[in-house]
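Structure assessment
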Amino acid sequence: SSGTRGPLFEEVQTLDTAVFDAFNTCDKPGQLQKHGSYFADDVEFYHDDGGVTWNRRDMLANTGKHVCGHFTRELMPGSLRVYPIKDFGAIEQGVHRFCQIATGSCDGAADFVIVWRKTASGWSITRVLSYGHRPT
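Residues numbered from 1 in each chain as written. Predicted model: local features only at pLDDT ≥ 70, side-chain atom pairs only at ≥ 80, totals over all residues. Heavy atoms only, no water.

Topic: the state of the cysteines
Throughout the structure, instances matching the rule amount to 2 disulfides. Note on cysteine connectivity: Cys 26 is disulfide-linked to Cys 68, with sulfurs 2.0 Å apart. Note on the Cys 26 and Cys 68 pair: the S-S dihedral is about -115°, so by sign convention the disulfide is left-handed. With Cys 26 in the loop between helix H1 (7-24) and helix H2 (31-36) and Cys 68 in the loop between helix H3 (56-66) and strand E3 (71-75), the pair connects residues that are 42 residues apart, well separated along the chain. A single burial state applies to Cys 26 and to Cys 68, both of which are buried. Between the sulfur atoms of Cys 99 and its disulfide mate Cys 106 the distance is 2.0 Å. Taking the sign of the S-S torsion, 105° for the link of Cys 99 and Cys 106, the bridge is right-handed. Given a relative accessible area of 5%, Cys 99 falls into the buried group. On the basis of relative accessible area, Cys 106 is assigned to the partly exposed category, the value being 21%. Disulfide connectivity for the chain, with bonded cysteines indexed by sequence position, reads 1-2, 3-4. (Disulfide = S-S within 2.5 Å. Helix = DSSP H or I, 4+ residues; strand = E, 2+ residues; numbered from the N terminus. Buried < 20%, exposed > 50% of the residue type's maximum accessible area, 1.4 Å probe, protein only.)

Observations regarding unusual backbone geometry
For Asp 87, which is not glycine, the phi torsion reads 55° and is therefore positive. Note that Asp 87 resides in the loop between strand E4 (81-85) and strand E5 (89-100). Residue classification places Asp 87 among the exposed positions, given a relative accessible area of 74%.

Concerning the nonpolar core
What tends to happen in soluble globular proteins is that the nonpolar side chains get buried as a cluster. Of all hydrophobic cores here, the largest spans 24 residues; its most connected members are Val 19, Phe 39, Val 82, Ile 114, Trp 116 and Ile 125. The set of elements that each furnish at least two residues to this core consists of H1, strand E1 (39-47), H3, strand E6 (106-119) and strand E7 (122-134). When residues of this core are assigned to their parent elements, the largest contribution, 6 residues, is made by H1. Leave out the neighbours within four places in its chain, and Ile 114 touches Asp 16, Phe 20, Ala 90, Ile 91, Glu 92, Ile 125, Arg 127 and Val 128. (Core = buried A, V, L, I, M, F, W, Y, C linked by side-chain atoms within 4.5 Å. Contact = heavy atoms within 4.5 Å.)

Describing the packing of aromatic side chains
By convention here, two paired aromatic rings are described through the distance between centres and the angle between planes. For the structure on display, the rule yields 4 aromatic pairs. Where Phe 71 meets Phe 98, the ring centres are 5.5 Å apart and the plane angle is 85°; that geometry is what we call edge-to-face. Of the two residues, Phe 71 sits in strand E3 while Phe 98 sits in strand E5, which places them 27 residues apart along the sequence. Accessibility expressed as a relative area gives 16% for Phe 98, which makes it buried. Ring centres of Trp 116 and Trp 123 lie 6.3 Å apart, and the angle between their planes is 85°; on these two criteria the pair is classed as edge-to-face. (Phe/Tyr/Trp six-rings, centres within 6.5 Å; stacked < 30°, edge-to-face > 60°.)

Considerations on the side chain of Ser 79
Of note, Ser 79 is situated in the loop between E3 and E4. Side-chain polar atoms of Ser 79 contact the backbone oxygen of Met 76, separated by 2.8 Å. (Polar contact = N/O pair within 3.5 Å; in protein donor to acceptor, adjacent residues only side chain to side chain.)

A few points about the pattern of salt bridges
With the rule as written, the count across this model stands at 9 salt bridges. Here Asp 27 ties to Lys 28 by a salt bridge, and the two come within 3.9 Å at their closest N and O atoms. A salt bridge links Asp 58 to Arg 57; the shortest N-O distance between them is 3.6 Å. Asp 58 sits in the partly exposed class, given a relative accessible area of 32%. (Salt bridge = Lys/Arg side-chain N within 4 Å of Asp/Glu carboxyl O.)

This is how it looks when you write it as structure tokens:
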């Protein structure tokens, strides 16, 4: 499939919006926990500049320290692709950029891949790669 249409695309696009609406407002009460609820306990997060975190607790500690109240994430329009993983879930890939809350300037973009697992209890993120960070 093309990766840009269909029910799976729509479902993952909706999930992405929910995950990052919470991320973008994570300085508000309850939002960092809401953001975290989308991730598996043993999520692996690979960041080309920041290194690797091996679980949700450490990932959220980093988000709380470095993100909340400082910057927001935007998905670059038209960049999202979604592909099924047989008997598991989906791969989401795209380009996102980060905007400073204080100044409103959006001065960095990166490629990303998110691996989603679907179980009877719903969707969760098991792997995140964010790489190729560059000025926009």
